[in-house]
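Examination of the molecular architecture
Residues per chain are reported as follows:
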Amino acid sequence: MNSRTPHRSALKRPLSITAAASSLLLLAGCNIATFERANYNVAEVDSFKTAGAPSRVMMLEVVDADNTFSDDFWSSAMSNHGYAPRLRFVTDPNDIQDGETIKPENRMVAVVNPEQSTMGSKLCTDPKSAGTDDSSERIVVRFGFCVGDKIISETRGRFNRDQFAEQLESNADTVNFELFPRRTNNKDDRNCSSFLPNC
């Protein structure tokens, strides 16, 4: 009988450690940015990215009722992430360098705390920011890749209000991977939209 007692204690210990670790992860989850799975309205995105940014420079349109960050911050935070060839973003077409070409109608749109109607094609044609809700601990940003009035891809991120700047910078890779995937019609591709018939 006594020989079994340590065995039971040994079993309980790993379970307690596992429970504690799970609790820590849940608590940490309150302080991390989360993203929805991207939606794609085309069979593939890469050709739109390549055609839309022949010099690997793309416009970034930021809509934020509170003007939380400067244009320079947004450009710096979102540039040079994702799959190669990586993009550099500018908020003013005059910011391109000599020899570079930019197509302003091809752009990434970021709307901070968007109104409910700001999704799909409205993200490209009439994006609206509702401003910050002081009672909320989270800030929502909807990101989209637009070609003129057409939405190519979009995703939405939720950020911790007190760590918004840091989380935006540290998750710029995720935004770029989601908006500009290499493939969208591969069943094994986690970025494949469930709305596409091939997925």
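So, here's what we can say about the structure. In this text the structure is predicted, and so the values were computed from the model without any measurement. (Residues numbered from 1 in each chain as written. Predicted model: local features only at pLDDT ≥ 70, side-chain atom pairs only at ≥ 80, totals over all residues. Heavy atoms only, no water.)

Throughout the structure, instances matching the rule amount to seven salt bridges. The salt bridge involving Glu36 is made with Arg158; its shortest N-O contact spans 3.6 Å. Here Glu36, found in the loop between strand S1 (34-35) and strand S2 (39-40), pairs with Arg158, found in strand S7 (residues 150-160); they are 122 residues apart in sequence, far enough to count as distant. A salt bridge links Glu154 to Arg142; its shortest N-O distance comes to 3.1 Å. Taken together, the positions of Glu154 in strand S7 and Arg142 in strand S6 (residues 138-147) put the pair twelve residues apart, joining distant regions of the chain. Given a relative accessible area of 8%, Arg142 falls into the buried group. The network of salt bridges with common partners includes Glu36, Arg156 and Arg158. (Salt bridge = Lys/Arg side-chain N within 4 Å of Asp/Glu carboxyl O. Helix = DSSP H or I, 4+ residues; strand = E, 2+ residues; numbered from the N terminus. Buried < 20%, exposed > 50% of the residue type's maximum accessible area, 1.4 Å probe, protein only.)

Our focus in this paragraph is the state of the cysteines. One covalent bond between the sulfur atoms of two cysteine residues makes up a disulfide. Evaluated as defined, the whole model comprises one disulfide. For Cys124, the disulfide goes to Cys146, at an S-S distance of 2.1 Å. Between Cys124 and Cys146, the S-S torsion sits near -90°, and that sign places the bridge as left-handed. Here the residue Cys124 occupies a position in helix H4 (residues 122-125), and Cys146 occupies one in strand S6, the gap between them amounting to 22 residues. (Disulfide = S-S within 2.5 Å.)

The complete set of buried residues in helix H3 (residues 71-78) reads Phe73, Trp74, Ser75, Ala77 and Met78. Along its buried surface, H3 packs onto strand S3 (57-63), strand S4 (88-90), strand S5 (106-112), S6, helix H5 (164-170) and helix H6 (172-179). Positioned one or two residues after H3, Asn80 has a phi angle of 60°, which is positive. (Contact = heavy atoms within 4.5 Å.)

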